[in-house]
Amino acid sequence: MLRIFLIALVAMLSLHAAIARDVLPDAKPVPAMQVLPLPDGEDSFQYQGRELTRYYHSPTIERPFLYPLNGPSGRSLTRMGHPHDPITHSHHNSFWVSHYIVDGTDFWGDRNKGRIVHERVERYDDADDAASLVALNAWKKTDGTVLMRDRRQVRVEPLDRGQWLLTLDLELFVDQDKVTLGKTPFGIVGVRMAKTIGVNDGGGRIRNSEGNVDEQGENGVFWKHARWCDYSGPITNEAIEGITLFDHPSNPNHPTAFHVRNDGWMGACLTFDADREIVAGTPLMLRYGLYVHAGLPSPSEIGERWKAFAETEPPATLAPLKKNK
């Protein structure tokens, strides 16, 4: 009986496919990866209909961010805010772009600080191997003055076993004169891990590319320069998952210093060692990656993933092509 049922099922599916081809003979393949615009300033990155992450960019929020970052288990490996200090750490928005001091203005914290205001999404792209968007943002002082702008490309690529890679390209630029990104360990990208992955709350593990690891958590990796830093821990009672933050060799301070804590956050520090100026006509191009993975991969496994990421070529610019009149 089972064999007869399976034969009938295959025949029915084949018939439906044939009918579909007859009804829509010019039907095009549906991309496996799509980024879907949603109401209220949100964009959903989906692989075969399953959401991997969502980009939030309403002009009313303090800064754009991505949440959730769903691991192979289907649960988010990041969270909004500090699990024990949600007020003063409300700016820990899952995965976000920000910087502590830009020409004297604090863009890192919330409440009466500088804001990174979304202006527009300039393009969406869907394909089987990746989906991406490019967005333009203005970094504004409390009086509304624009200090600088960024274009960012968010690209999501599916990998094996439900894993995936997010590539973030940043183009920071000013329209006139210059701005100074102040020396600080706070910025330019941050990741707030899920509570159960943190060392303190969940017994997670922090490691980096230089072999630094400490059974107590942050001691071996805090403010250390590395090519990548990984934060892994339990996301269910049965599953360990994590995120590796990649620094690209094209970044001007590579290998970067990482700000990583036992309480569940890590960030790549653009200006840990010194100030950095951005002058008009010379944008600053940056590339970072997030490897969302299953289990507790070995450093050599992560190293191979980083090597493939490092061999990618960042764009020369994210600015739209000028159309001939």
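Residues numbered from 1 in each chain as written. Predicted model: local features only at pLDDT ≥ 70, side-chain atom pairs only at ≥ 80, totals over all residues. Heavy atoms only, no water.

A look at the side chain of D150
To be explicit about the condition: Numbering goes from the N terminus for both helices and strands, where a helix is a DSSP run of H or I of at least four residues and a strand is a run of E of at least two. Burial classes: relative accessible area under 20% of the type maximum marks a residue as buried, over 50% as exposed, and values in between as partly exposed (1.4 Å probe, protein chains only). The definition of a polar contact used here is a pair of N or O atoms within 3.5 Å, where within protein one atom must be able to donate a hydrogen and the other to accept one, and adjacent residues in sequence count solely through side-chain atom pairs. Contact between two residues is taken to exist if any of their heavy atoms lie within 4.5 Å; hydrogens are not considered.
On the secondary structure map, D150 appears in strand β10 (residues 146–158). Judged by its relative accessible area of 0%, D150 falls in the buried class. Within the local environment of D150, its side chain forms a polar contact with the side chain of W139, the two groups lying 2.8 Å apart. Excluding anything up to four places from it in sequence, D150 contacts I116, A135, L136, N137, W139, L170, E171, L172 and F173.

Quick notes on the pattern of salt bridges
Between side chains of opposite charge, a pair can form as their charged atoms come close. Put simply, the rule is: In the sections that follow, a salt bridge refers to a side-chain nitrogen of Lys or Arg positioned within 4 Å of a carboxyl oxygen of Asp or Glu.
The tally for this structure, following the rule as stated, stands at 20 salt bridges. Residues D160 and R305 are paired through a salt bridge, measuring 2.6 Å at the closest nitrogen-oxygen approach. You can see D160 sitting in the loop between β10 and β11 (164–173) and its partner R305 sitting in helix α3 (residues 299–310), a full 145 residues away along the chain. Owing to a relative accessible area of 38%, D160 belongs among the partly exposed residues under this scheme. Residue class for R305 comes out partly exposed when judged on its relative accessible area of 26%. Its salt-bridge partner being R287, residue D169 comes within 2.6 Å of it at the nearest N-O pair. A residue pair is termed long-range when its members are at least 10 positions apart, and D169 in strand β11 and R287 in strand β21 (residues 284–294) qualify at 118 residues. The exposure classification of D169 matches that of R287, with both residues buried.

With respect to the pairing of strand β12 (residues 178–181)
The line we're drawing: Two strands form a pair only when DSSP identifies at least two bridges running between them.
Burial along β12 is one-sided: the face carrying V179 and L181 is buried and the face carrying K178 and T180 is not. In this sheet, strand β20 (residues 276–279) lies alongside β12 in antiparallel orientation, the contact comprising four bridges. Looking at β20, one finds that T180 is bridged to E277.

Looking at the packing of aromatic side chains
Rule in force here: A pair of aromatic rings is counted whenever rings of Phe, Tyr or Trp (Trp by its six-membered ring) have centres within 6.5 Å, and the orientation is called stacked for planes under 30 degrees apart, edge-to-face for over 60 and tilted otherwise. The criterion for a charge sitting over a ring is simple: Lys NZ or Arg CZ within 6 Å of the ring centre, and within 35 degrees of the ring normal.
Applying the stated criterion to the full structure yields eleven aromatic pairs. A connected cluster of aromatic rings, assembled from ring pairs, spans W96, Y100, W108, F186 and W265. Positioned over the ring face of W306 is R227, at 5.4 Å from the centre of the ring. The ring of F222 has R261 sitting right over it, with the charged end atom 4.5 Å from the ring centre.

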